[in-house]
Amino acid sequence: MSHHASYAEHGSDVLVRDSEDALTESVATELVRSLAHTQAREGSASLAVTGGRTGIAVFERVSRHHLVREVDWSAVDFYWSDDRFVPRNDPERNELQVRRALLQYVPVETARVFPMPASDGVYGSDCAAAAASYADLLARKARTSGSLFDICLLGVGEDGHVASLFPGSAAAEEPLRYAVAVHGSPKPPSTRVTLTFPAIARAAETWLVTAGAAKAAAVASAVHKDPTDPVPAARVRGRVRTRWFLDDQAASAL
Ligand SMILES: O=C(O)[C@H](O)[C@@H](O)[C@H](O)[C@H](O)COP(=O)(O)O
């Protein structure tokens, strides 16, 4: 079953595909088309990429997509929505996973790729300093552009987390800074740098992409903004548009 539903009351639109493969292919197609469309209008495009299995699968599809050359990859700014605060070459790094899935296959402009600092970088083991530097980078950009990102791509956890904003965490309640350090993440690795809701809210479009029955409850709570089960994903709203991309299983409790 593939269908498109609009939950107009929440300003979200939901696209459902009948398998995870069909889902990641659809998101890859939408992503290439949206980036090309934005570049035709603005000359460049700004994308916040995510980690997680589904997110990385999307980038793998983009790298071999038949429309991949519609995008001028040298005019895409790449940011991360979160990353694990581990050494740069640790396979757990979202930066490394996105490079292996996509960036190594398309001609990106190095100066336009902004990974979050790793734990063996200039900030050493000081995750707070690493997060503050990323927050400063985004604050500087926010001064000259309405939206920080044209698209902010986010996976969704079984507990309804997005990026590294976990239910009940201080990071999920951060009211001002655009990025913060996370310690004791329930999803390993435990130390991370993450965008905050103030940053995610500065995306023109937010795209939540997830698959599998284990996410169905969190997705239903988020899409319907269930007040009895306030999951972080429910608070994701793009300035212009909030889009859900789901497979049948993740959409099964909607
Ligand atoms: O660093 C991370 O782990 C991700 O940013 C995280 O937010 C992920 O997107 C979700 O946990 C969904 O991950 P899966 O798609 O693997 O379920």
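Here is what the cut-offs are and how they apply
Residues numbered from 1 in each chain as written. Predicted model: local features only at pLDDT ≥ 70, side-chain atom pairs only at ≥ 80, totals over all residues. Heavy atoms only, no water. UniProt positions renumbered as here; feature names shortened; annotations may be inferred. Helix = DSSP H or I, 4+ residues; strand = E, 2+ residues; numbered from the N terminus. Contact = heavy atoms within 4.5 Å. Areas by Shrake-Rupley, 256 points an atom, 1.4 Å probe, with all protein chains shown as cover. Lys, Arg positive; Asp, Glu negative; His and termini not counted. Charge placed at Lys NZ, Arg CZ, Asp CG, Glu CD. Near = heavy atom within 4 Å. Polar contact = N/O pair within 3.5 Å; in protein donor to acceptor, adjacent residues only side chain to side chain. Nonpolar A, V, L, I, M, F, W, Y, C, P; charged D, E, K, R; others polar.

An unreviewed UniProt entry annotates the protein chain as 6-phosphogluconolactonase of Haloechinothrix aidingensis. Note on the protein chain: under the UniProt heading Sequence similarities (unreviewed entry), the record states "Belongs to the glucosamine/galactosamine-6-phosphate isomerase family. 6-phosphogluconolactonase subfamily." The protein chain has a UniProt comment under Catalytic activity (unreviewed entry) that states "6-phospho-D-glucono-1,5-lactone + H2O = 6-phospho-D-gluconate + H(+)".

A.B. asks: Can you tell me about the overall build of the protein chain, naming the residues and giving the values?
C.D. replies: Summing up its helical and strand segments, the protein chain has six helices and eleven strands in all. With the C-alpha coordinates aligned to their principal axes, the bounding extent of the protein chain is approximately 50 × 45 × 35 Å. Considering only contacts in the protein chain between residues 6 or more positions apart, those separated by 24 or more positions represent 73%. Roughly 10600 Å² of accessible area belongs to the protein chain as shown, and the carbon and sulfur atoms make up 50% of that amount. Across the protein chain, 27 positive and 31 negative side-chain charges occur, with their mean positions spaced 4 Å apart.

A.B. asks: Provide a residue-level description of the site of the ligand, including the pertinent values.
C.D. replies: Residues in contact with the ligand amount to 15 residues; listed here are only the nearest, R53, D82, H161, A163 and K215. Contact distances for the ligand include 2.7 Å between an oxygen atom and a backbone N or O atom of A163. Contact between the ligand and K187: an oxygen atom at 2.8 Å from a side-chain N or O atom of the residue. Surface burial for the ligand is 92%, taken as the share of its 420 Å² of free accessible area covered by protein chains. For the shell around the ligand, a count of residues per class yields two nonpolar, seven polar and six charged.

A.B. asks: Got a sec to walk through the side chain of S185? Specific residues and values, please.
C.D. replies: Within the fold, S185 resides in the loop between β8 (179-182) and β9 (192-195). Of the polar contacts made by the side chain of S185, one reaches the backbone oxygen of K187; its length is 2.6 Å. If we ignore the near neighbours within four places in the chain, the residues touching S185 are F166, S190 and R192.

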